[in-house]
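Now for the letters of each chain:
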Amino acid sequence: MSKKLFIETLGCAMNSRDTEHMIAELTEKEGYEVVKDFRDADLILINTCSVREKPVSKLFSELGIFNKKKKPSAKIGVCGCTASHLGRDIIKRAPYVNFVLGARNVSKITEVLHKDRAVEIDINYDESEFAFKDFRTSTLKAFINISIGCDKSCTYCIVPKTRGDEVSIPDRLIYNEAQRAVDAGAKEIFLLGQNVNNYGRRFSGEHEKINFAELLKRLSKIEGLQRIRFTSPHPFYMDDEFIEEFATNPKICKAMHMPLQSGSTKVLKDMKRGYSKEWFLNRVEKLRKVCPEVTISTDIIVAFPGESDEDFEDTLDVLKKVRFDQIFSFKYSPRPHTEAQHFTNVVDPEVASARLTHLQSFHTQILDEKNATQLDKVYSVYFEELLPNHFVSGRSDNNFVIKVKGSDELLGEFRDVKITSIGRTILTGEIVA
Ligand code: SAH
Ligand code: SF4
Ligand code: F3S
């Protein structure tokens, strides 16, 4: 009988890909199979996120529940970004945890499994050329890492301390991985990195000089590959060459994530983002000029230390000018190992909450106005997921989630869909071709 693995994944797409890597290693080398209920498992893994405070406290309450209700012989491992920054303290606080495996060490999963109380959290460990086995939760869309770590030092962000310095993965390995995914049925690839458009800055071995635009050109040559997406690009590295490749390469999906964080040049400076409000607006203008159909999403942090009412107004001003298609917004959360945790000019928590609410309702208003224009528009949709009540959903090239009545025959297919009704997170339509 095969051993059973339960794995819970928090955090970003890079964590989801790490989870796939660990599943691949554990199924191929150790004979595990994935189960949905942790009470059936012989091995319980939590792949953690550390980017804001909340998920960390959630981790320990969850570990307690796992420990109480698991099979007596089952092992528990804590992986990912919180594992990287808390390390052995996790075992001190929850002594029943069998091992701790950092976000940059997931290739060692089959090693730590057999050691008692192993803690592997070296952020200098180089996994950029590790030959992970292939495993994907979906055969239709393949997530592929193009770099590990992050070389920026945004003052609020813990990621460089959990994932280490940035190393690009050799383009040949990325190409081969994409080719294998396409051979297995994927028509779309999703390239992942904390700073994708800084690709090529550093390789661990000898490598020809190549940037992100060139990588995109090479990958788009793969026959049968129809769509390329990526996240996250950094506004600082959005030079004309990158924007022009984005606009003119027909395989690149016309949805750009542009993480603004703040609209105030002063706050951006305190965050060490490396760009100003004007640069950001200039990049949006350039992008829309060469690619009018593009949709733009963003990340925003409100109430960063020292953010005044005027600074917040600047953020609203960018929202008004850009009219983003999607916003991920957060209240600033002080994190260990970051510069900003020592900043003393903190924003009053009530003001912070009020700003977040205001920002979100301001954006919802913009979104409702934009959505109202969607009726009767026709999009080419790549269908990926079965929904309840005989609906199937997929995404348009510019990243709208669209559902139609249908069955699993549509999965992995492209259809032209006319929008018939509008919701804030999902549009409904009917197939016209
Ligand atoms: N590399 C990506 C971001 C990864 S973290 C980028 O630069 O865009 C994802 C998002 O979490 C960030 O864009 C930011 O908006 C948010 N975030 C990061 N640290 C945070 C903190 N300390 N408090 C609140 N939000 C934070
Ligand atoms: Fe964090 Fe900044 Fe790196 Fe993004 S670019 S992961 S926000 S340090
Ligand atoms: Fe979280 Fe680590 Fe991703 S902190 S957002 S899982 S890089």
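Residues numbered from 1 in each chain as written. Chains lettered and ligands numbered in written order. Predicted model: local features only at pLDDT ≥ 70, side-chain atom pairs only at ≥ 80, totals over all residues. Heavy atoms only, no water.

Participant: Describe in detail the overall build of the chain, supporting the description with residues and values.
Facilitator: A tally of regular secondary structure across the chain gives 13 helices and 19 strands. Here the chain has a C-alpha radius of gyration of 22 Å; the compact-globule value for 433 residues is 22 Å, and the two agree. Dimensions of the chain, computed from the C-alpha atoms along their principal axes, are close to 55 × 55 × 50 Å. For the chain, the proportion of its 433 residues judged to be buried stands at 54%. (Helix = DSSP H or I, 4+ residues; strand = E, 2+ residues; numbered from the N terminus. Rg over C-alpha atoms; globule rule 2.2 N^0.38 Å. Buried < 20%, exposed > 50% of the residue type's maximum accessible area, 1.4 Å probe, protein only.)

Participant: Requested: an account of the environment of Asn98, with residues and values cited.
Facilitator: With respect to the element layout, Asn98 can be found in the loop between helix 4 (89-93) and strand 5 (99-102). A sequence separation of 20 residues divides Asn98 from Ala118, and the C-alpha atoms of the two residues are 7.1 Å apart. In this structure Asn98 touches Ala74, Lys75, Ile76, Lys115, Asp116, Arg117 and Ala118, once residues within four positions along its chain are discounted. (Contact = heavy atoms within 4.5 Å.)

Participant: How would you explain the nonpolar core if you had to name every residue and give the values?
Facilitator: The tendency in soluble globular proteins is for nonpolar side chains to be buried side by side. Counting residues in each nonpolar core, the largest one holds 55 residues, and the members touching the most others are Leu191, Phe212 and Phe230. The leading source of residues in this core is helix 12 (residues 309-322), at five residues. (Core = buried A, V, L, I, M, F, W, Y, C linked by side-chain atoms within 4.5 Å.)

Participant: Describe in detail the pairing of strand 4 (residues 75-80), supporting the description with residues and values.
Facilitator: Counted residue by residue, strand 4 has five buried out of six residues, so it is predominantly covered. Pairing geometry for strand 3 (residues 43-48) and strand 4, over six bridges, is parallel. Within the sheet, the bridge partner assigned to Leu45 lies in strand 4 and is Gly77. In terms of strand pairing, strand 4 meets strand 5 through four bridges, oriented parallel. For Cys79, the partnering residue across the bridge sits in strand 5 and is Leu101. (Pairing = 2+ DSSP bridges.)

Participant: Go over the side chain of Gln261 with me, naming the residues and quoting the values.
Facilitator: Within the secondary structure layout, Gln261 lies in the loop between strand 12 (255-257) and helix 10 (265-271). The class of Gln261 is buried, set by a relative accessible area of 7%. In contact with Gln261, not counting residues within four places along its chain, are Tyr156, Met271, Arg273, Tyr275, Asp299, Ile300 and Ile301.

Participant: So what's going on with the pattern of salt bridges? Which residues, and what values?
Facilitator: Under the defined criterion, the tally for this structure stands at 38 salt bridges. A salt bridge links Lys92 to Asp89; the nearest nitrogen and oxygen atoms lie 3.7 Å apart. Here the residue Lys92 and the residue Asp89 both occupy positions in helix 4, the gap between them amounting to three residues, near one helical turn. Residue classification places Lys92 among the exposed positions, given a relative accessible area of 63%. Look at Asp89 and you get partly exposed, because its relative accessible area is 42%. A cluster of three or more residues bridged by salt bridges with shared partners is formed by Lys141, Glu188, Arg227, Arg229 and Glu384. (Salt bridge = Lys/Arg side-chain N within 4 Å of Asp/Glu carboxyl O.)

Participant: How would you explain the packing of aromatic side chains if you had to name every residue and give the values?
Facilitator: In the structure shown here, the tally under the stated rule is 18 aromatic pairs. Ring geometry for Phe236 versus Tyr237: centroids 4.9 Å apart, planes at 85 degrees, classification edge-to-face. Each member of the aromatic cluster is reached from another via a ring pair, and the members are Tyr156, Phe304, Tyr332 and Phe343. One Lys or Arg, Arg39, reaches over the ring of Phe38 and ends 5.7 Å from the middle of that ring. (Phe/Tyr/Trp six-rings, centres within 6.5 Å; stacked < 30°, edge-to-face > 60°. Lys NZ or Arg CZ within 6 Å of the ring centre and 35° of its normal.)

Participant: Go over the sheet that holds strand 18 (residues 414-422) with me, naming the residues and quoting the values.
Facilitator: The strands that make up a sheet pair up through hydrogen bonds in the backbone, lying either parallel or antiparallel. Pairing is mixed around the closed barrel formed by five strands, whose spatial order is 15-16-17-19-18. Across the sheet, the mean angle separating the axes of adjacent strands is 55 degrees when strand polarity is ignored. Bridge count for strand 15 (residues 378-387) against strand 16 (residues 391-396) is six bridges, and the pairing is antiparallel. Its bridge partner lying in strand 16, Leu387 is registered against Phe391. (Axes fitted to C-alpha atoms, helices over the stretch in contact; angles between N-to-C directions.)

Participant: Which residues make up the domain arrangement of the chain, and what values go with them?
Facilitator: Domain boundaries in the chain define domain 1 (3-120), domain 2 (136-253) and domain 3 (378-431). Averaged C-alpha coordinates put domain 1 and domain 2 at centres separated by 26 Å. On the domain 2 side, the residues contacting the 15 residues of domain 1 number 18 residues. Carbon and sulfur atoms supply 55% of the area that domain 1 and domain 2 bury against each other, a total of about 1,400 Å² over both sides. (Domains from an automatic or database assignment. Buried area = accessible area lost by both parts, 1.4 Å probe.)

Participant: Any chance you could break down the side chain of Ser128 for me, citing the residues and the numbers?
Facilitator: You can see Ser128 is positioned in the loop between strand 6 (118-120) and strand 7 (141-145). Of note is the side chain of Ser128, whose polar atom sits 2.7 Å from the side chain of Asp126. A polar contact of 3.4 Å, which involves the side chain of Ser128, links it to the side chain of Ser204. (Polar contact = N/O pair within 3.5 Å; in protein donor to acceptor, adjacent residues only side chain to side chain.)

Participant: Could you give an account of the sheet that holds strand 12, with specific residues and numbers?
Facilitator: Here three strands make up an open sheet; going across it, the order is 12-13-14 and the pairing parallel. Bordering the open sheet on either side are strand 12 and strand 14 (326-331), each of which pairs with just one other strand. In this sheet, adjacent strand axes meet at a mean angle of 15 degrees when their direction is disregarded. Running over the sheet, helix 13 (residues 349-371) touches strand 13 (295-302) and strand 14 and is turned about 175 degrees from strand 14.

Participant: Lay out the site of ligand 1 in plain terms, naming residues and giving numbers.
Facilitator: The environment of ligand 1 is formed by 15 residues, the closest being Tyr156, Gln194, Gln261, Asp299 and Ser333. Taking Gln194, its side chain carries an N or O atom lying 2.7 Å from a nitrogen atom of ligand 1. Alone, ligand 1 offers 540 Å² of accessible surface; in the complex the protein occludes 90% of this. Those elements that provide at least two residues to the shell around ligand 1 are strand 13 and strand 14. Partitioned by chemical class, the residues of the shell around ligand 1 number six nonpolar, four polar and five charged. (Near = heavy atom within 4 Å. Areas by Shrake-Rupley, 256 points an atom, 1.4 Å probe, with all protein chains shown as cover. Nonpolar A, V, L, I, M, F, W, Y, C, P; charged D, E, K, R; others polar.)

Participant: Please provide a residue-by-residue account of the environment of Pro336, values included.
Facilitator: Here Pro336 lies in the loop between strand 14 and helix 13. Residue Pro336 is classed as partly exposed on the basis of its relative accessible area, which comes to 27%. Sequence spacing of Pro336 and Tyr156 is 180 residues, and the spatial spacing of their C-alpha atoms is 9.2 Å. In contact with Pro336, not counting residues within four places along its chain, are His85, Ile158 and Gln341.

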